[in-house]
Amino acid sequence: MNASADILSNLMQCLNQGTIEVIDLTHPLGPATPMIKVPEGHGKQPPSTSLETISDYREDGGYARWSTLTTAEHAGTHFDTPSHWFTGGDHANATTDTISVKRFMAPACVIDCTDEVKDDEDFILTADRLRSWEEAHGAIPAGSWVLLHSGWANRFEDADRFLNQIDGVAHSPGPNPDAVRLMIERDACGYGTETIGTDHGNANQFDPVFPAHSLMHGANKFGMSSLNNLDKLPPTGAVIVTAPLKIVDGSGSPLRVLAFVPS
Ligand code: MN
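Residues numbered from 1 in each chain as written. Predicted model: local features only at pLDDT ≥ 70, side-chain atom pairs only at ≥ 80, totals over all residues. Heavy atoms only, no water.

Our focus in this paragraph is the overall build of the protein chain. When helices and strands are counted, the protein chain shows 7 helices and 15 strands. Taken against the 2.2 N^0.38 rule, which gives 18 Å for 263 residues, the C-alpha radius of gyration of the protein chain at 19 Å falls within 12% of a compact globule. The C-alpha extent of the protein chain, read off along each of the three principal axes, is 60 × 60 × 40 Å. Residue pairs in contact within the protein chain that sit at least 24 positions apart in sequence constitute 72% of those at least 6 positions apart. Only carbon and sulfur atoms are counted for the fraction: they give 52% of the accessible area of the protein chain, which is about 13500 Å². In the protein chain, which carries 17 positive and 34 negative side-chain charges, the distance between the mean positions of the two groups comes to 4 Å. (Helix = DSSP H or I, 4+ residues; strand = E, 2+ residues; numbered from the N terminus. Rg over C-alpha atoms; globule rule 2.2 N^0.38 Å. Contact = heavy atoms within 4.5 Å. Areas by Shrake-Rupley, 256 points an atom, 1.4 Å probe, with all protein chains shown as cover. Lys, Arg positive; Asp, Glu negative; His and termini not counted. Charge placed at Lys NZ, Arg CZ, Asp CG, Glu CD.)

In structure tokens:
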């Protein structure tokens, strides 16, 4: 066997033996899935997710059971393409159907800020915080995801706590522009978070506003939101698979995020 065939064969053996674990980084997608509240003046509110029965053998005596799924591209655990933001709309191959599939497998750098977020719901991920992570774990490798582990996934089942809006302002952690610039400088493939969107709850405070969208997508990078089970990932060493649905001209998509983790 050639070397690459060996690698695949070893991979399957490790998966079967459990020496490489597969972790689901996805929340359930359904009517209870929290949806983002679009700020006033920034467009329409998305629908909540629902299933409407087309037919069901349990009720109509037919053979099959299937439904019409209503959801938004940016619902639940989901992927943001570069074309999601006006800054990224001119990149070639930047929609769900055109992004090269090679870009859907990448190593993950997990920045554990759970202690800081416990004390401060408005925690700002800074470039210095990323550099201190790099001192402990090495430089963020080109092509890897930067994932903020905040503990926010524990709030998912309580939409009010997950959104955490007080007087119209969301209180949830996220990166400032300098942190996003450092990710781009490192040539990260994207930034992922446990919160409802990639940006800080009050990302209007930054210049530019919404840097995890405007700067990352402007640099042809990805985003992921509402991730789960980041506590089960090591700081480095996991590989994640992040393939969105192949929606024609899609700006993003709910997806199943799988992590391969060495034991
Ligand atoms: Mn999104």
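Moving on, we come to the state of the cysteines. Taken as a whole and judged by the stated rule, the model has 0 disulfides. Free of any disulfide, C189 has its nearest cysteine sulfur in C109, 9.6 Å distant. By relative accessible area, C189 is classed as buried at 10%. (Disulfide = S-S within 2.5 Å. Buried < 20%, exposed > 50% of the residue type's maximum accessible area, 1.4 Å probe, protein only.)

On to the nonpolar core. Counting residues in each nonpolar core, the largest one holds 25 residues, and the members touching the most others are I111, C113, L125, L130, V146, M183 and Y191. Those elements giving two or more residues to this core turn out to be strand 5 (105–112), helix 4 (127–137), strand 7 (145–149), helix 5 (159–163), helix 6 (177–185) and helix 7 (211–218). Here this core gets 4 residues from one element, more than from any other, and that element is helix 6. Within the second largest apolar cluster, 22 residues are counted, among which are F79, L147, F222 and L227. (Core = buried A, V, L, I, M, F, W, Y, C linked by side-chain atoms within 4.5 Å.)

As a further point, take the layout of surface pockets. A water-sized probe, rolled over the atoms, reveals where empty space remains. Taken as a whole, the largest pocket encloses approximately 860 Å³ of empty space. In terms of lining, the largest pocket is formed by 40 residues, of which the most central are I36, K37, V38, P39 and F210. Taken together, the residues that form the lining of the largest pocket break down as 16 nonpolar, 18 polar and 6 charged. Of the volumes computed, that of the second largest pocket is approximately 150 Å³. Around the second largest pocket sit T114, V117, K118, E121, S150, G151, W152, N154, R155 and R161, which together line it. When residues in the lining of the second largest pocket are grouped by element, the largest group, 3 residues, is from helix 3 (residues 114–119). Residues belonging to the lining of the second largest pocket are distributed by class as follows: 2 nonpolar, 4 polar and 4 charged. (1 Å grid on protein atoms, 1.4 Å probe; cavity = no way out; pocket = protein on both sides within 12 Å on 5 of 7 lines; lining within 4 Å. Points joined across faces, edges and corners; volume = space filled by probe spheres on them. Nonpolar A, V, L, I, M, F, W, Y, C, P; charged D, E, K, R; others polar.)

The next point concerns the environment of D6. Tracing the chain through its elements places D6 in helix 1 (residues 3–17). Note on D6: relative accessible area 33%, which makes it partly exposed.

Moving on, we get to the sheet that holds strand 13 (residues 238–241). Sheets are built from strands paired through backbone hydrogen bonds, the pairs being either parallel or antiparallel. Judged by pairing direction, the sheet is mixed, and its 9 strands sit side by side in the order 1-15-13-5-7-11-12-4-14 without closing on themselves. Across the chains shown, the open sheet's two edge strands, defined by having one partner strand only, are strand 1 (20–24) and strand 14 (252–254). When the angles between neighbouring strand axes are averaged without regard to direction, this sheet yields 25°. Across the face of the sheet, helix 4 comes into contact with strand 5 and strand 7 while running at roughly 105° to strand 5. (Pairing = 2+ DSSP bridges. Axes fitted to C-alpha atoms, helices over the stretch in contact; angles between N-to-C directions.)

The next subject is the packing of aromatic side chains. Two descriptors summarise a pair of aromatic rings, namely the distance from one centre to the other and the angle between the planes of the rings. In the structure shown here, the tally under the stated rule is 7 aromatic pairs. Arranged with centres 5.7 Å apart and planes meeting at 90°, the rings of F79 and F104 form a pair that is edge-to-face. Residue F79 is located in strand 4 (residues 78–80), and its partner F104 is located in the loop between strand 4 and strand 5; the two are separated by 25 residues in the primary sequence. Each member of the pair F79 and F104 is classed as buried. Chaining the aromatic ring pairs together yields one cluster made of F79, F104, W145 and F222. Over the aromatic face of W152 sits the side chain of R155, whose NZ or CZ is 3.8 Å from the ring centroid. (Phe/Tyr/Trp six-rings, centres within 6.5 Å; stacked < 30°, edge-to-face > 60°. Lys NZ or Arg CZ within 6 Å of the ring centre and 35° of its normal.)

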